[in-house]
Amino acid sequence: MNKHTLHINQRELTAYLPAQHRPDAPTLLVFPDSPAEADALAALLPDYIALLSLPEANWEHAFTPWHAPKLFAKGADFGGGADATLQQLTATILPTAERELGLQPQWRGLLGYSLAGLFALYTAYRSDFFQRIASVSGSLWFDSWADFAAAHTPNPLPQAMYFSLGDKEAQSHNPRMAAVQTATEAVFAKWQQYACPCTLEINAGGHFDNVPQRLAQAAAWLIKAA
C-alpha cells in the first residue's frame with residue numbers, strides 16, 4: 001500500500017492506498033491508538049482496500065453519544081460529543097480526504113474499537129454515510145445504551161454489521177465494564193431481527209489483546225458480508 005498524510009481541519013489523516021490507484025476502492029475508516037497500530041492493521045488488509053486512519057485524542061468526549069459520569073476516579077467524564085464528531089467526519093473530513101485522494105469508494109466502512117466501537121454502532125442509527133460497520137470490543141456497557149438500542153432502529157439499515165468481544169472482557173473489576181458481554185449479546189440479538197447481515201464473534205483474551213488483528217478480522221468479514 002502507498003501511504004499518504006493529509007491535514008484537514010487541523011487534523012492529521014493517514015491514508016493507506018492500493019499500490020495501483022483504484023478510485024472505487026472500498027474505504028475503511030479507523031481511529032488508531034498509535035501510528036504503529038494503523039501500520040499493523042494496514043499490513044493485514046487486502047491490497048485493494050483503502051484505509052483511512054484518523055487519531056482521536058479525546059475518546060471520552062468524541063465517541064460518546066451523551067453525557068455520563070467517568071469510569072475511573074482519575075479519568076474524564078464522558079462528554080457526549082458523538083453527534084458533533086459524526087458531523088465533522090461526514091460533512092468535512094472524509095469528503096475532503098476522498099476528493100484529495102481521488103477516491104469514489106464502492107462503499108465506506110467504519111472500524112471502531114472500544115469507545116470508538118460504541119461510536120461506530122451509534123453512527124448506524126444516525127447516518128447512512130457508512131454502509132458497513134464494525135463494533136470491535138465496543139463499549140456497549142455505556143450508560144443507557146441498552147435503552148437507546150431498544151427504542152431505535154437504524155433507517156436505512158447498513159449493508160453489514162459486525163460485533164466482536166474478547167472472552168475475558170466481562171471479568172473486569174469495574175461493575176459497569178463487567179456488563180459488556182451481556183450488553184453486547186442483547187444488542188446483537190436485536191440486530192438479528194433486522195434484514196441486515198450481522199455476526200458476533202468472541203475472541204480469546206481481554207480488551208487490549210491483539211487489537212490490529214481483531215480489527216483486520218472485522219474488516220475481512222465486512223468485505224465479504226454483502
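Let us look at the structure shown here. (Residues numbered from 1 in each chain as written. Predicted model: local features only at pLDDT ≥ 70, side-chain atom pairs only at ≥ 80, totals over all residues. Heavy atoms only, no water.)

## A word on the sheet that holds strand E1 (residues 2-8)
No. 1: Read from one edge to the other, the open sheet built from eight strands follows the order E1-E2-E4-E3-E7-E8-E9-E10, with strand pairing classed as mixed. Both outer strands of the open sheet, E1 and strand E10 (198-203), are each paired with one neighbouring strand and no more. Adjacent strand axes in the sheet meet at a mean angle of 15°, parallel and antiparallel pairs treated alike.
No. 2: With four bridges joining them, strand E3 (residues 27-30) and strand E4 (residues 50-53) adopt parallel strand pairing. When the bridges of E4 are listed, Leu29 appears paired with Leu52.
No. 3: Helix-sheet contacts for helix H6 (residues 180-191) involve strand E9 (160-166) and E10, and the interaxial angle to E9 is about 160°. (Pairing = 2+ DSSP bridges. Helix = DSSP H or I, 4+ residues; strand = E, 2+ residues; numbered from the N terminus. Axes fitted to C-alpha atoms, helices over the stretch in contact; angles between N-to-C directions. Contact = heavy atoms within 4.5 Å.)

## Regarding the packing of helix H1 (residues 35-44) against helix H7 (residues 211-225)
No. 1: The geometry of H1 relative to H7 is characterised by a closest axis approach of 9 Å and an angle of 40° between their N-to-C directions. Accordingly, the angle class assigned to the pair H1 and H7 is oblique. Regarding H1 and H7, the two cross each other, and that crossing is right-handed. Contacts from Glu37, Ala40, Leu41 and Leu44 in H1 reach Val211, Pro212, Gln213, Leu215 and Ala216 in H7. (Parallel < 35°, antiparallel > 145°, perpendicular 65-115°, else oblique. Left-handed = near helix turned anticlockwise from the far one by under 90°.)

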